[in-house]
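One-letter residues, chain by chain:
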Amino acid sequence: MTYAITQTCCGDATCVSVCPVNCIHPTPEEPDFGTTEMLYIDPKSCIDCGACADACPVDAVFPVDSLPASQREYGPLNAAWFAGREPAPAPAGPNFHAWGEPSFDRTLPSDFGPLRVAVVGTGPAGMYAVEDLLLHTSAEVTLIDRLPVAGGLIRYGVAPDHPATKRAGETFARFHSHPRVRLHLGVEVGRDVTAEEVAAHHDAVVYAVGAPAGRRLSIPGEDLPGSICATTFVSWYNAHPEVAADAVDLSAERAVVVGNGNVALDTARILVSEPDALASGDIAGHALEALRAGSVREVVLLGRRGPEDAAYTRSELLALKHLPGVDLVVDDHDPRTGAAVDGAEPGDRAALLRGVTREAVDWTAPPPEGRRIVFRFHSAALEATGEEAVRTVRVTDGAGGTDGREIPAGLLLRAVGQRGLPLPGLPFDETTGTVPHEAGRVEGMPGTYVVGWIKRGPSGGIGANRGCAAETVGALLDDAVRGRLTAPAAGAKAFRRLVRSRNRRVVDARGLAGIERTELALGRRDGRPRVKLATLPELVDAARSGRRRIPG
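Note that the structure is predicted; figures quoted are calculated from it, not measured. (Residues numbered from 1 in each chain as written. Predicted model: local features only at pLDDT ≥ 70, side-chain atom pairs only at ≥ 80, totals over all residues. Heavy atoms only, no water.)

(A) Inspection of the overall build of the chain at higher detail. Along the backbone of the chain there are 19 helices and 23 strands. At 25 Å, the chain has a C-alpha radius of gyration in line with the 24 Å of a compact globule built from 552 residues. Considered along the principal axes of its C-alpha atoms, the chain spans approximately 75 × 65 × 50 Å. Here the chain holds 552 residues, and 52% of them are scored as buried. When the accessible surface of the chain is split by element, carbon and sulfur atoms take 51% of a total near 24600 Å². Each charge sign in the chain was given a centre, from 59 positive and 70 negative side chains, and these centres are 7 Å apart. (Helix = DSSP H or I, 4+ residues; strand = E, 2+ residues; numbered from the N terminus. Rg over C-alpha atoms; globule rule 2.2 N^0.38 Å. Buried < 20%, exposed > 50% of the residue type's maximum accessible area, 1.4 Å probe, protein only. Areas by Shrake-Rupley, 256 points an atom, 1.4 Å probe, with all protein chains shown as cover. Lys, Arg positive; Asp, Glu negative; His and termini not counted. Charge placed at Lys NZ, Arg CZ, Asp CG, Glu CD.)

Laid out in C-alpha cells, this is it:
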C-alpha cells in the first residue's frame with residue numbers, strides 16, 4: 001500500500017525532509033520545486049512507512065487504498081507525475097536514501113549576539129520568517145499586526161470548507177507564546193507607530209503585509225452595488241472585522257465570477273454549497289445565515305482565455321466535480337473550448353473537463369432548477385449594467401466574434417488577482433504592487449526587509465513562503481554578520497510603552513489566547529468547531545476579558 005498527496009498540499013516540503021527513501025518530489029533542491037501545483041509521491045519507491053503523513057502540517061497525505069471516492073483521482077495523479085521521468089540512481093550502500101553532504105544553512109559566528117527583529121504581519125510569510133529566526137538564532141522577535149488577532153491569510157483567506165489547510169495555522173500558533181516573542185496585535189504601522197519608530201527600536205524589521213487589494217476590471221458599471229471584489233467576498237465569509245456583515249447581497253439567482261483561478265473557484269463553490277455542510281467549518285455566522293436565506297443557484301465562471309490556460313489548480317477543479325448536489329456545465333458557445341477539451345493530453349488541465357456536460361446556454365432564460373456552476377471560456381466582461389445595482393453583465397461572445405452578449409445577474413465578483421498597497425515610510429512600485437528589494441533587502445533602507453506577496457507579488461500558496469522567508473532571513477543575517485545593521489536606540493520595554501501610549505487596545509499573547517477560548521466556546525455552544533468573532537470590538541473585548549460570558 002502506497003501513500004498519495006491530495007488536495008490540501010501546501011508545498012512546504014516538510015514531508016520531503018522525513019521521507020527515508022526519497023520518494024517525494026520535486027524536492028527543494030530540484031528545479032521544479034515551487035513551480036508544480038503540489039508535491040507527489042512515487043508509488044514505485046514508496047515503502048508505506050507513513051512518515052510523510054505524520055509530518056504533514058495540513059493532513060494532505062493518505063494511503064491510496066483508504067482515499068474516499070472524492071479523492072481517489074489523487075492516486076493516479078501522483079503516479080502520473082513520474083511517468084516518463086528518469087528514476088533517481090539507486091544508492092550503492094545499505095541505506096535507502098542517497099544522503100548528500102551535510103549542509104548548515106544558518107552558520108553564524110560563535111560570538112554572534114542576539115538580534116531584536118520586528119516582523120510586521122502574522123500570516124504564513126511572516127510566521128515562516130519568525131520560525132527561521134527562532135529555530136536558528138537567539139533573536140528576540142516583536143510580532144506586529146494591524147488586526148487584533150493573528151493568522152493573516154490562514155484565518156481570513158482559506159475557505160471554511162478546507163479545514164485541513166487551516167491547520168497550518170496551528171503550526172505557526174506555537175510561536176505566539178514563545179518566550180522570545182512579544183505580540184503587539186491591533187497595531188498599524190503608519191497609524192499607531194511610524195516605520196522609522198519601529199526601526200529605531202529593533203536591529204531589523206521584516207514586512208510581511210501581503211497583497212490585500214483586489215485588481216480592478218476597469219469596465220463601466222464596475223462600482224455599481226452588487227459588484228464586489230472577490231477578496232472582499234472571501235473576507236466576508238471568513239468574518240474579517242473590516243468587512244461588514246451586510247456587505248454581500250445574495251438575493252439574485254445568478255452570479256457572475258470574472259476569473260478562473262483558485263479564488264474564483266473558491267467563491268463559486270461557497271455560493272452553491274449546501275449551507276449545512278459549510279456549518280461544519282468556521283464560516284462567519286452572518287455569511288451562513290445569508291447563504292441559507294439567499295437565492296443564488298447558478299454561478300458563471302468567466303474566463304478570458306480557453307480551458308488549457310485556466311489558472312486554477314487541478315485539485316481545486318476536482319473538488320468542484322465532487323460537490324454534492326451541484327452540476328458542472330461548460331458553455332459551448334465557442335468551438336475552441338470543446339476542441340481544447342477533446343484534444344487535451346491526460347495530464348493537461350483541460351482534460352479535467354472531459355465528461356463535463358456541454359451545452360449552448362440560453363442566457364435569456366432563468367437558471368434551471370437545482371444548483372450549478374457554468375464555465376464560460378473565451379469570454380471577457382465588458383460592462384455591468386443596472387439602474388441602482390448590477391442587473392446584467394455584458395460579455396464578449398467568441399462564437400460569432402461579436403461583443404454584447406448579456407448575462408442577467410445580480411452579483412458580479414471580480415477575481416482577477418490581488419496587489420499590494422503602499423506602506424507609509426517604505427518605497428513602492430505601483431506597476432508591480434510590491435516593495436522594491438534585492439533578495440528581500442528593501443532598496444535604500446538598510447535593516448529593512450520584505451517577505452511574501454509584498455516582496456514577490458501574489459503568487460504561490462502557503463508553502464511557497466518557506467523558501468521566500470529563508471532567502472529574506474538569510475539576507476538579514478548576512479547583513480548582521482557583516483555589520484550592516486544599526487543597533488536599536490531603545491529597547492523592547494520602550495517600544496511597548498510607545499505602542500501603548502498611542503493605542504490602548506493592543507492585544508498580546510494572553511489576549512490572543514482569550515480570543516481563542518471565546519471562539520471555541522461559542523463553537524461548542526452552537527455545535528460547530530469554532531464561531532469567529534466578526535467585529536473589532538468583539539475581538540478586543542474577548543482579548544481583555546480572557547473569556548467573555550457566552551450566552552446560553
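(B) Representation of helix 18 (residues 509-526) within the structure. For helix 18, built from 18 residues, the straight-helix expectation of 26 Å at 1.5 Å per residue is met to within 8% by its first-to-last C-alpha distance of 26 Å. Buried residues of helix 18: Gly-511, Leu-512, Gly-514, Ile-515, Thr-518, Glu-519, Ala-521, Leu-522 and Gly-523, and no others. Looking at the packing, one finds that the buried side of helix 18 touches helix 5 (153-156), strand 7 (181-185) and helix 19 (536-545). Its side-chain oxygen 3.2 Å from the backbone nitrogen of Arg-510, Asp-508 forms the N-cap of helix 18. (Expected span 1.5 Å × (residues − 1). Contact = heavy atoms within 4.5 Å. Polar contact = N/O pair within 3.5 Å; in protein donor to acceptor, adjacent residues only side chain to side chain.)

(C) Local environment of the packing of aromatic side chains. In total, this model carries seven aromatic pairs according to the counting rule given. Between Tyr-40 and Trp-81, the ring centres sit 5.2 Å apart and the planes meet at 10°, which makes this aromatic pair stacked. Remark: Trp-81 occurs in helix 3 (residues 74-82) and Tyr-40 occurs in strand 3 (residues 40-41); sequence separation between them is 41 residues. Here Tyr-40 and Trp-81 have matching classes, each one buried. With centroids separated by 5.0 Å and ring planes inclined at 85°, the aromatic side chains of Tyr-128 and Phe-172 adopt a geometry described as edge-to-face. With Tyr-128 in helix 4 (residues 124-136) and Phe-172 in helix 7 (residues 168-173), this pair connects stretches of sequence that are 44 residues apart. Both residues of the pair, Tyr-128 and Phe-172, belong to the buried class. Of the aromatic side chains, those joined through ring pairs into one cluster are Tyr-40, Trp-81 and Phe-82. (Phe/Tyr/Trp six-rings, centres within 6.5 Å; stacked < 30°, edge-to-face > 60°.)

(D) Local environment of the environment of Asp-429. Here Asp-429 shows up in the loop between strand 20 (418-419) and strand 21 (437-438). In this structure Asp-429 comes out as partly exposed when scored by relative accessible area, which is 28%. Put simply, Asp-429 and Ala-311 are 118 residues apart on the chain and 25 Å apart in space, counted from C-alpha to C-alpha. Excluding anything up to four places from it in sequence, Asp-429 contacts Thr-434 and Pro-436. In this structure the side chain of Asp-429 is engaged in a polar contact, spanning 3.3 Å, whose partner is the backbone nitrogen of Thr-432.

(E) Inspection of the sheet that holds strand 10 (residues 227-229) at higher detail. Overall, parallel pairing links the seven strands, which are arranged 10-19-11-12-15-13-14 in an open sheet. Looking at strand neighbours, the two that pair on one side only are strand 10 and strand 14 (357-359), the edges of this open sheet. Each neighbouring strand pair of the sheet contributes to a mean axis angle of 25°, computed without reference to strand direction. The pairing of strand 13 (residues 326-331) with strand 14 spans three bridges and is classified as parallel. (Pairing = 2+ DSSP bridges. Axes fitted to C-alpha atoms, helices over the stretch in contact; angles between N-to-C directions.)

(F) How the structure looks around the packing of helix 4 against helix 16 (residues 464-481). Between helix 4 and helix 16, whose axes approach to 8 Å, the crossing angle comes to 55°. Judged by the inter-axis angle, helix 4 sits oblique to helix 16. In the crossing of helix 4 with helix 16, the sense of the turn from one axis to the other is right-handed. Contacts from Pro-124, Ala-125, Tyr-128, Ala-129, Glu-131, Asp-132 and Leu-133 in helix 4 reach Asn-465, Arg-466, Ala-469, Ala-470 and Val-473 in helix 16. (Parallel < 35°, antiparallel > 145°, perpendicular 65-115°, else oblique. Left-handed = near helix turned anticlockwise from the far one by under 90°.)

(G) Examining the packing of helix 10 (residues 262-272) against helix 13 (residues 314-321) more closely. Look at helix 10 against helix 13: their axes get within 10 Å of each other, and the N-to-C directions meet at 15°. On the basis of the axis angle, helix 10 is roughly parallel to helix 13. Handedness of the helix 10/helix 13 crossing: left-handed. Residues Asn-262, Leu-265, Asp-266 and Arg-269 of helix 10 pack against Glu-316, Leu-317 and Leu-320 of helix 13.

(H) The arrangement of unusual backbone geometry in detail. Each neighbour pair has its own omega, and for His-25 with Pro-26 the value is -5°, a cis peptide bond. Note that Pro-26 resides in the loop between strand 2 (24-25) and strand 3.

(I) Quick look at the pairing of strand 5 (residues 116-120). Burial analysis of strand 5 places five of its five residues in the buried class, which makes it a mostly covered element. Alternating positions in strand 5 separate into two faces, Arg-116, Ala-118 and Val-120 on one and Val-117 and Val-119 on the other, with burial throughout. One ladder, built from five bridges, connects strand 5 with strand 6 (residues 140-145); its direction is parallel. Along strand 6, the bridge assignment pairs Val-117 with Val-141. Each parallel crossover has a hand, and for strand 5 linked through helix 4 to strand 6 it is right-handed. Bridge analysis of strand 5 against strand 8 (residues 204-207) gives four bridges, and the strand direction is parallel. Bridging across to strand 8, Val-117 finds its partner in Ala-204. (Right-handed = clockwise from strand over helix to strand, strands pointing away.)

(J) Examining helix 4 more closely. Here helix 4 spans 18 Å end to end across 13 residues, near enough to the 18 Å set by a 1.5 Å rise per residue. Counted residue by residue, helix 4 has eleven buried out of 13 residues, so it is predominantly covered. Within helix 4, burial applies to Pro-124, Ala-125, Gly-126, Met-127, Tyr-128, Ala-129, Val-130, Glu-131, Asp-132, Leu-133 and Leu-134. Residues of helix 4 that are buried make contact with strand 5, strand 6, helix 5, helix 7, strand 7 and helix 16.

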